[in-house]
Amino acid sequence: MPRVSANFLNHAAIISSQIIILVLGYGFLGAVLYYNYLSPPDQVADFWRQHPGELTMVITLIATVLSVTTATLFTISVKEALRFRMSQPISLVELSAGVALAKGSVILRPAYLRLTILTLFVFGVLRLLTAGWTTLLTPIYFLWPVEMRGSELDITGHAFSTLLSEEFQKQGLAAIQDNSFEILDVGGMLSGVSAAGYTFGLPATFNFNGAKYDVSTQGIVPTIEDYSGSDGVPGVNGTRLGFSGGHVTVNTKAVPGSHPKVPIPQGFSRNYSMLQQGLTANVNCQAIASSQTPYLWDTNDSRIVYANAAAANNSIAGLRLWNVTTDCGANTSTTQEYVTMVDASGNANPTANGFLPSIVCPWPMDINQSYTRFTILSQGFYKYKFLDPSVCEVMPLLTTVRANYSDGLISSEVISFTPFSSEHLPLLLLVAGVVQYQSVSSQALTSSAIGDALYSIYSSTTNTSIDDNLGNQTQVYQELEDYWRGVVEFSATFLRSGYMVVGSFPNNTIPDGLSSPVNGTMYITTIGWTQRSVTYILAVLPITIITIFTFACALYSIFKARKDHGGNRITFDASNILHLIMASVAGGLTLQDFDKDGILANEGVKVKLHDDGAQKLFVTANQPSLAASEEKLV
């Protein structure tokens, strides 16, 4: 059996060690690129987050050990290759460059630009090893995206319109009663106030059924369990149009990714971005003349229905009944009654009392128009006199929204919208009915919630009195538009909640014909490793370059050893200054002085390393060895 030389085993060990380190680096990088996202178990991730200093220290220590090991293997291979190279003539400047590579240093000789660049390059790459390993191994905070799918109530289709019509025929709008009265009253008002105030810089958060919305609901219901709000169970009559609060059914689930065996972490926090159905409205409000066709707005019919001149303070001294009338189209007169408090003579306090009547026409004013919009007519009296006789045209829109669930708050933005069509008439009537209920219930004996909201928002966002703004009501109308838009959006959320609350459908499952797909992405904040293509390539580049150089030097040494039949057995370390001095002295190497010309001349001198037994010596390329000279003398 042929004997394997120690020289070959040494270089094989160097190559094997360097391969193992390189495989570790590329294997880790390959795993990250293949799986896209890697994260430790949640307990480990929490520990890392709580102890960032210790994590940094451990990662730096591991990176340093790997870097030192790689650099050491490289320098050993360079020294071995240089030892074999010195058996052939080599210039002193090349020897100097080889020594610099073996010591991880540089030479700066512009006259030998190639050698200077080589040593500078290797020096820089060696210094980047630790940075490369640190970049590769250090975990970062990132968002792990997970696809989400589910379903919700589809209020845009024919099936729901039919269901809603049947509900109207069965119960009528009177089904919105009991506890739902309070929800519609308070919920609609708060949604309108939130939407109107936000436009002018007021902070706005709207809560409904335990869920928290940013500004307004945008007509959606929560499709994420953690944001679904109330966990209550409604009573027998507490679903659908009689909704009075309760847990909304959510069936949105995470979709397994391309690597289902990789566990999805719980993470530090979870945010969601979902595409789902919504409902909003384009609202346009403007002033009208009392006799302007086609509105025929009339507020002149009123009479005192109660008077008590002996009434004590803080008691009702008188009541006035108002019959507010308008023409809702096709010469159809519509009347709404209101009662306000007055004194015994029938007069109201113009600064303390306010009256803001409204009438909703739940169909187009023009009989030639389709049933895709409705109209609200209003006017302010007494302390609300800043609102002239006004008309608001409301065009509800079916929308697709991007709902963002973050930090317990739901915010939405409209992605696309579609106007109502004729098949959406039941939905239009419901929305108009909610608006009508809100407009009537907001008026109390001495004030109106709508009027107070307009007054308060204006006063909070301007430096002028709202009464000074008569004749220039741009902001007032914009507030009114946003208010009614918020009420419309709330009506859709109320409707969806009523039909998606537990108990609304058998087994709490929305029938296929009434469901609409919901899809989006869950973003999990965690710590670990994710794709950073350019960064990772730069991180492994120094490791790869040093490994290639190490392979080249080791293979060169193996090749030269075989060519020399067993290899050079000289025990000589070119990176050891003492060895260099001893070899120079033993060879009687004579060089020129340290002036400029002398140094240039010395750099070009070619030498060889000879082994004369216990003596190692440098000789010039054309100078015979000491042993050869002695043989000639004999």
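The model shown is predicted, which means the values in this text are computed figures rather than measured ones.

Student: I'd love a proper account of the overall build of the protein, names of residues and values included.
Tutor: A tally of helices and strands in the protein yields 14 helices and 19 strands. A total of 634 residues make up the protein; the buried ones form 47% of that total. Relative to all contacts within the protein whose residues are 6 or more apart in sequence, the contacts with residues 24 or more apart total 73%. When the accessible area of the protein is evaluated, it comes to approximately 30400 Å², of which 57% is carbon and sulfur surface.

Student: Describe a nonpolar patch on the surface, listing the residues and the values that go with them.
Tutor: Taken together, the side chains of Val305, Tyr306, Ile316, Val339 and Leu445 make up a nonpolar region of the molecular surface, amounting to roughly 370 Å² of accessible area. Note that Val339 resides in strand E10 (residues 333-342). Take Val339: its relative accessible area is 34%, and that puts it in the partly exposed class.

Student: Any chance you could break down unusual backbone geometry for me, citing the residues and the numbers?
Tutor: The bulk of non-glycine residues show a negative phi, and the bulk of peptide bonds are trans. Here Asn36, not a glycine, exhibits a phi torsion of approximately 75 degrees, which is positive. Checked against the element boundaries, Asn36 lands in the loop between helix H1 (6-35) and strand E1 (37-38). For Asn36, a relative accessible area of 26% translates into the label partly exposed. Of note in this structure, Asn209 is not a glycine but carries a positive phi near 55 degrees. The residue Asn209 is located in the loop between strand E4 (205-208) and strand E5 (211-214) in this model.

Student: Outline the packing of helix H9 (residues 449-461) against helix H10 (residues 474-500), supporting the account with residue identities and numerical values.
Tutor: The N-to-C vectors of H9 and H10 enclose an angle of 125 degrees; their axes lie 10 Å apart at closest approach. Classified by the interaxial angle, the pair formed by H9 and H10 is oblique. The hand of the H9/H10 crossing is right-handed. Two secondary-structure elements touch here, H9 through Ile450, Ala453, Leu454, Ile457, Tyr458 and Thr461 and H10 through Gln475, Val476, Glu479, Leu480, Tyr483 and Trp484. Residues that form the contact of H9 with H10 fall into these classes: 9 nonpolar, 2 polar and 1 charged.

Student: Please provide a residue-by-residue account of H9, values included.
Tutor: The first and last C-alpha atoms of H9 sit 18 Å apart over 13 residues, in line with the 18 Å expected at 1.5 Å per residue. Those residues of H9 that fall on the buried side of the exposure criterion are Ala449, Ile450, Gly451, Ala453, Leu454, Ile457 and Tyr458. For H9, the side-chain oxygen to backbone nitrogen distance between the N-cap and Ile450 is 3.2 Å, and the N-cap itself is Ser448.

Student: Residues and numbers for the sheet that holds E10, please.
Tutor: Pairing between sheet strands relies on hydrogen bonds along the backbone, with the strands arranged either parallel or antiparallel. Taken in spatial order, the 3 strands make up an open sheet running E8-E9-E10, and their pairing is antiparallel. Whereas interior strands pair on both sides, the edge strands pair on one side only; in this sheet they are strand E8 (298-307) and E10. Strand-to-strand twist of the sheet, defined as the mean angle between neighbouring strand axes without regard to direction, takes the value 20 degrees.

Student: Describe the pairing of strand E3 (residues 140-153), with residues and values.
Tutor: By the bridge criterion, 14 bridges tie E3 to strand E17 (residues 515-530) in an arrangement that is antiparallel. Its bridge partner lying in E17, Leu153 is registered against Ser515. Examined bridge by bridge, E3 and strand E6 (residues 253-254) share 2 bridges and lie antiparallel to one another. Across the sheet, the residue bridging to Arg149 is Lys253, located in E6.

Student: I'd like to hear about the packing of aromatic side chains, residue by residue, with values.
Tutor: The geometry of an aromatic ring pair is captured by two quantities: the separation of the ring centres and the angle between the planes. Applying the stated criterion across every chain yields a total of 27 aromatic pairs. A centroid spacing of 5.3 Å and a plane angle of 75 degrees characterise the contact between Phe160 and Tyr499, whose relative ring orientation is edge-to-face. Placement of Phe160 in helix H6 (residues 158-171) and of Tyr499 in helix H10 is noted, with a sequence separation of 339 residues between them. Directly above the aromatic system of Phe84 lies the positively charged group of Arg83, at a separation of 5.1 Å from the ring centroid.

Student: Go over the environment of Asp298 with me, naming the residues and quoting the values.
Tutor: Take Asp298: it is sitting in strand E8. Sequence separation of Asp298 and Thr335 is 37 residues, and the distance between their C-alpha atoms is 9.4 Å. If we ignore the near neighbours within four places in the chain, the residues touching Asp298 are Asn323, Val324 and Thr325. Separated by 3.0 Å, the side chain of Asp298 and the backbone nitrogen of Asn300 make a polar contact.

Student: Tell me about the state of the cysteines, and please be specific about residues and values.
Tutor: What is meant by a disulfide is a covalent connection between two cysteines, made through their sulfur atoms. All told, the structure shown has 2 disulfides when counted by the stated rule. The residue that forms a disulfide with Cys285 is Cys392, at a sulfur-sulfur distance of 2.0 Å. The sign of the 115 degrees torsion about the S-S bond sets the Cys285-Cys392 disulfide as right-handed. Separated by 107 residues along the polypeptide, Cys285 in strand E7 (residues 269-287) and Cys392 in strand E15 (residues 390-406) bring together distant segments of the chain. Summarising the burial analysis for this pair, Cys285 and Cys392 share the class buried. With its sulfur 1.8 Å from that of its partner, Cys328 forms a disulfide with Cys361. What sets the handedness of the Cys328 and Cys361 disulfide is the S-S torsion sign, and at about -70 degrees it is left-handed. Of the two residues, Cys328 sits in the loop between strand E9 (318-327) and E10 while Cys361 sits in strand E12 (residues 358-361), which places them 33 residues apart along the sequence. Note on accessibility: Cys328 and Cys361 belong to one class, buried.

Student: Tell me about the pairing of E15, and name the residues and values.
Tutor: Counting buried residues along E15, 12 of its 17 residues qualify, which places the element largely inside the surrounding structure. As paired elements, E7 and E15 share 16 bridges and run antiparallel to each other. Bridged to Gln277 within E15 is Thr400. Sheet topology places strand E13 (residues 374-378) next to E15; 5 bridges connect them, and they run antiparallel. Considered in E15, the bridge of Leu377 is made with Val391. Of the pairings in the sheet, the one linking E15 to strand E16 (residues 409-419) comprises 10 bridges and is antiparallel in character. Counterpart to Leu397 in the pairing with E16 is Pro419.

Cut-offs used in this document
Residues numbered from 1 in each chain as written. Predicted model: local features only at pLDDT ≥ 70, side-chain atom pairs only at ≥ 80, totals over all residues. Heavy atoms only, no water. Helix = DSSP H or I, 4+ residues; strand = E, 2+ residues; numbered from the N terminus. Buried < 20%, exposed > 50% of the residue type's maximum accessible area, 1.4 Å probe, protein only. Contact = heavy atoms within 4.5 Å. Areas by Shrake-Rupley, 256 points an atom, 1.4 Å probe, with all protein chains shown as cover. Patch = residues over 30% accessible without salt bridge, like charges linked within 9 Å, V, L, I, M, F, W, Y side chains within 5 Å. Salt bridge = Lys/Arg side-chain N within 4 Å of Asp/Glu carboxyl O. Axes fitted to C-alpha atoms, helices over the stretch in contact; angles between N-to-C directions. Parallel < 35°, antiparallel > 145°, perpendicular 65-115°, else oblique. Left-handed = near helix turned anticlockwise from the far one by under 90°. Nonpolar A, V, L, I, M, F, W, Y, C, P; charged D, E, K, R; others polar. Expected span 1.5 Å × (residues − 1). Polar contact = N/O pair within 3.5 Å; in protein donor to acceptor, adjacent residues only side chain to side chain. Pairing = 2+ DSSP bridges. Phe/Tyr/Trp six-rings, centres within 6.5 Å; stacked < 30°, edge-to-face > 60°. Lys NZ or Arg CZ within 6 Å of the ring centre and 35° of its normal. Disulfide = S-S within 2.5 Å.

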